[in-house]
Amino acid sequence: MPIEFTLNRQPVAAPDDKADMPLLWFLREDLRLKGTKFGCGIGQCGACTVLANGSVVRSCLMRLTDAKGLSIVTIEGLARDEQHLHPVQQAWIETDVPQCGYCQGGQILSAVALLERTPHPSDADIDAAMTNICRCGSYVRIRKAVKAAALRSKTTQL
Amino acid sequence: MRPPATATHLDRRSFLKASLSAAGALLISIPLPPRSSLAARTAGASSAWCVYLTLHPDNTAELMSPVMEMGQFMRTTGPMILADEMDLDWSRVTVTKDEPVRMIRNDTGEVAYEFGQSSAGGSQTVRNNWDYMRRAGATVRRMLLEEAAARWQVPADTLIARDSFVIDPNGDRRLSYGELAAKAASRQVQPEQIELKQRADYRIMGKDAGVVDIRDIVMGRPLFAIDEDYPNALQAVIERAPALHAEIASYNKDAALAIPGVRHIIELPRKVEDHWPGGDAQVLAAGIAVLADSLWAAMQGRKALQAQWKNATTDDSTQQIQEFHRLVAGNGVANKLVDDGDVDAAFATADLVLDHTYEKPLFAHACMEPHNCIADVRSDSATVIAGHQVPHWIAREVELIAGIDALKVKVIGKRMGGGFGRRSELDFIREAVTLSHRIKGPVKVTWTREDEIQRDFFDAAAVMRVRAAIKDKRIVGWQHRQAQTRGRPEASDYFPAKVVSNYRVEQFAATSNIPCGPWRAPTQLQWAFATESMLDELAHATGQDPLAFRLQWLQPYREYEIKNWAAKSIHSGRMAKCYEAAARLADWKRPRPKGTGLGIAGHFTFGTYAACVLEVSVGDTDELKILRAWGAIDCGFAINPNHIRSQMEGGFVDGLNAALFNDVQVSAGRVVNDNFNTLRWMRLREAPMSIEVEIVDSGYDPTGVGEPPLAPAGAALANAIFAACGKRVRRMPIAASFKI
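Residues numbered from 1 in each chain as written. Chains lettered and ligands numbered in written order. Predicted model: local features only at pLDDT ≥ 70, side-chain atom pairs only at ≥ 80, totals over all residues.

Trainee: Could you give an account of the domain arrangement of chain A, with specific residues and numbers?
Mentor: All names here are of chain A. Per the domain assignment, the segments of chain A are domain 1 (3–77) and domain 2 (87–155). At the junction of the two partners, domain 1 supplies 15 residues and domain 2 supplies 13 residues. Among the secondary structure elements, those contributing two or more residues to the side of domain 1 that touches domain 2 are strand E3 (49–52) and strand E4 (55–58). Ranked by residue count, the leading element in the side of domain 1 that touches domain 2 is E3, at 3 residues. Residue composition of the side of domain 1 that touches domain 2, by class: 7 nonpolar, 7 polar and 1 charged. (Domains from an automatic or database assignment. Contact = placed C-beta atoms within 7 Å. Helix = DSSP H or I, 4+ residues; strand = E, 2+ residues; numbered from the N terminus. Nonpolar A, V, L, I, M, F, W, Y, C, P; charged D, E, K, R; others polar.)

Trainee: Let's hear about the environment of Leu-115 of chain A: which residues, and what values?
Mentor: All names here are of chain A. Its place among the elements puts Leu-115 in helix H3 (residues 104–117). Take Leu-115: there are 24 C-beta atoms within 10 Å of it, and that puts it in the buried class. Residues Leu-115 and Pro-2, 113 residues apart in the sequence, show an inter-C-alpha distance of 33 Å. (Buried ≥ 20, exposed ≤ 12 C-beta atoms within 10 Å, placed from the backbone.)

Trainee: For the interface of chain B and chain A, give the residues involved together with the corresponding values.
Mentor: Across the boundary between the two partners, chain B contributes 49 residues, which contact 46 residues of chain A. Looking at the side of chain B that touches chain A, the elements that each hand over two or more residues are helix H5 (214–218), helix H7 (295–305), helix H16 (641–660) and strand E35 (690–695) of chain B. Tallying contributions element by element places H16 of chain B first for the side of chain B that touches chain A, with 7 residues. By residue class, the composition of the side of chain B that touches chain A is 25 nonpolar, 14 polar and 10 charged.

Trainee: Explain the sheet that holds strand E24 (residues 443–446) of chain B residue by residue, including any values.
Mentor: Residue and element names in this part refer to chain B. Pairing is mixed in the open sheet, where 8 strands are placed in the order E6-E23-E22-E21-E24-E12-E17-E14. Edge positions in the open sheet fall to strand E6 (99–100) and strand E14 (262–268), since each of these has one partner strand only. The strands that H7 touches are strand E12 (234–240), E14, strand E17 (287–292) and E24; relative to E17, the one it contacts most, it runs at about 145°. This element, helix H10 (residues 392–402), spans strand E21 (372–377), strand E22 (382–386) and strand E23 (409–413) of the sheet and lies at about 135° to E22. (Pairing = 2+ DSSP bridges. Axes fitted to C-alpha atoms, helices over the stretch in contact; angles between N-to-C directions.)

Trainee: Summarise the domain arrangement of chain B; cite the residues concerned and give the values.
Mentor: How big an interface is tends to be stated in terms of the accessible area lost upon association of its parts. All names here are of chain B. When cut into domains, chain B gives domain 1 (17–218), domain 2 (225–311 + 371–446) and domain 3 (317–364 + 458–736). On a C-alpha basis, the centres of domain 2 and domain 3 stand 37 Å from each other. The interface of domain 2 with domain 3 comprises 16 residues on the first partner and 16 residues on the second. Counted by class, the side of domain 2 that touches domain 3 contains 8 nonpolar, 7 polar and 1 charged residues.

Structure representation (structure tokens):
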């Protein structure tokens, strides 16, 4: 029985002999979707963050079999198309957040999940939700961008 | 303060190489004469510089950055310099994604960059490319002006270049660079007609620009070497000796080969060589490589090896730090590296002597992108794809390992997921090249996070005993006595050398086997921690405000000749202005609530001055909270203020992380804390809520910003904690003494 789930709004079927493979490696190596990054392999750093039914998941810890039936969104699937970036992506551009850029896909998805749940987060909400490591230390701009995205979403449909 | 004269001398040998592409685009490469001796030394004496520029008929321009990106923003800053001198419309500029590294052999047969300095490190890339990029841009602008002048039959000097067009102000007409490019290519421009723009005329530089790759980043497009797929490459992971110097004892080859997809098991020998900052070090661990059809299969094969090891060293980082304390506290003779004035006399006649000892542990790099490298070594050529700070070394390594002429090695530089000095090491390159050479096919090596931290080249642990002498409330003598994990004793004038006239530095030779290497602003954070903590202690001991004490001490404001990392002089007035500006932003004199305090610290290195003020609160039971920060930087002319602020923010956070948390422990030759569950790393909630930055424009030529902002963070934190609660912290990691 193939493992079936939805990935970036498209159906995906993975062979069941890969049941124990982490979703991260299935995305990166089998599907060649490289936006989901390998950082630590133990769910600490958040570089591999994806959304599963709208919630944040560390894809390095999610076995493929556990993705069955879920709707997974990776950073590649966040924007509808080149012309319609997600408000969080737009806020990231506006705030010019990235330095090396490696962690930012995961940061953006964490912010998306936060704002879905809490459209107008307090600083404490941001502190609690944004647990991904940015090795370059872009945290001040990440906080700014989350707030900018919250303002944007007042006028833009998320 | 009078800025030094800008080097605008144009060499007669300046010329362009221009050609037409099949699509009608103008391709220009611009070799220029040799650069300064310093840059030539680090680059391996390159003889020419080059930038690649393509002007398309649709009036867009494509530039190749001279230096690859690792988060230091050079892919934005470098092209900005050229585009401004060329009067390009910045919105029509794109930057090529990959950077093939062009190489030659220099006069002594060493591999060197054919054009310019493509290495990233030492906060040098702006310094080294400033004149070159401007001259290149001005030359191309002149060619375009002359071509337009010829078409309109008017003198070139009556025309102006603006936003990718040449405009005739008298004739109400204009021609796009795209239209002019093809013919302009054949124009010979006289060097004396090439004029650099005045700063007042800059239209791109001096204004905020965003990351050129930002859309690709936020959309998750593949930009990094780890994202690269290479046709038919086998995926390799390597089980390396977990402890220093260990050799293979046994492993289960059959079990690994039994994993579906596993193709080869290859032993890799240990390698020891002289390594910065001095002495023999293990630069490559003994390892067992598992090569497989997929990365997942290789990882399973690695687990199946069940490798056992023997003959490890007994290095213990805690014991070594204890030994450093014994050394600096004792009377043993250390290497005297600097001995200015009469230090003994200054201490003998002092009113007050403070004598304190400061400690820092081993720092890990933890580049966010784990190391990786693709190598395809053929019989007489090779391709290597990697993110590396010193890409021409890769070709040299291929030659050494596989016997292939380095100039037949194609090196593709990719964006780096962090560098911090670690990506100037060659271990992951050597592994991939060795394996590809062995199997005669392409290989991609991928490290795990544990591999990366276990096999790091750390920032050395150090214990620093600082004695300072005060007479009439002024500093009259300073002695810095240090022992550290590794480090060849070399004289270097760290701030405040020369500013204090009776100044001595003593350093013990190192005996540890723990490998060390360049770590963002090597050794600067520890020096600033010791120096700026001591300055604070002196201020408090003499009843003076820490800011006022520093400002008074730095007078008279003047330039001192020094030998410091890429700097020949330090100006105490520029340092003072940074302290003042950071303090002004922080509203330094405003009283804070009980338990809240401000700490100030500054540092000078790589030609740049940075100071910061940090606000923290400390609770009754030592709960530490980082609140806000303010910083000021004097890096000469601010090419891109946005990214200078960004480096100040990120560098300061990196420094705070190092001071609070970065603490690698080695026991029985083996790293104990090798991932983010045991090696704590700063998250957003622990970072300052805001960091406000002022850029102090002193009018000097631009200097680098990648490293200087980091250095003052540790001392600013220690000083803020003292201001908040009266406890003096002299030991990093600071989180060990507080609840955070």
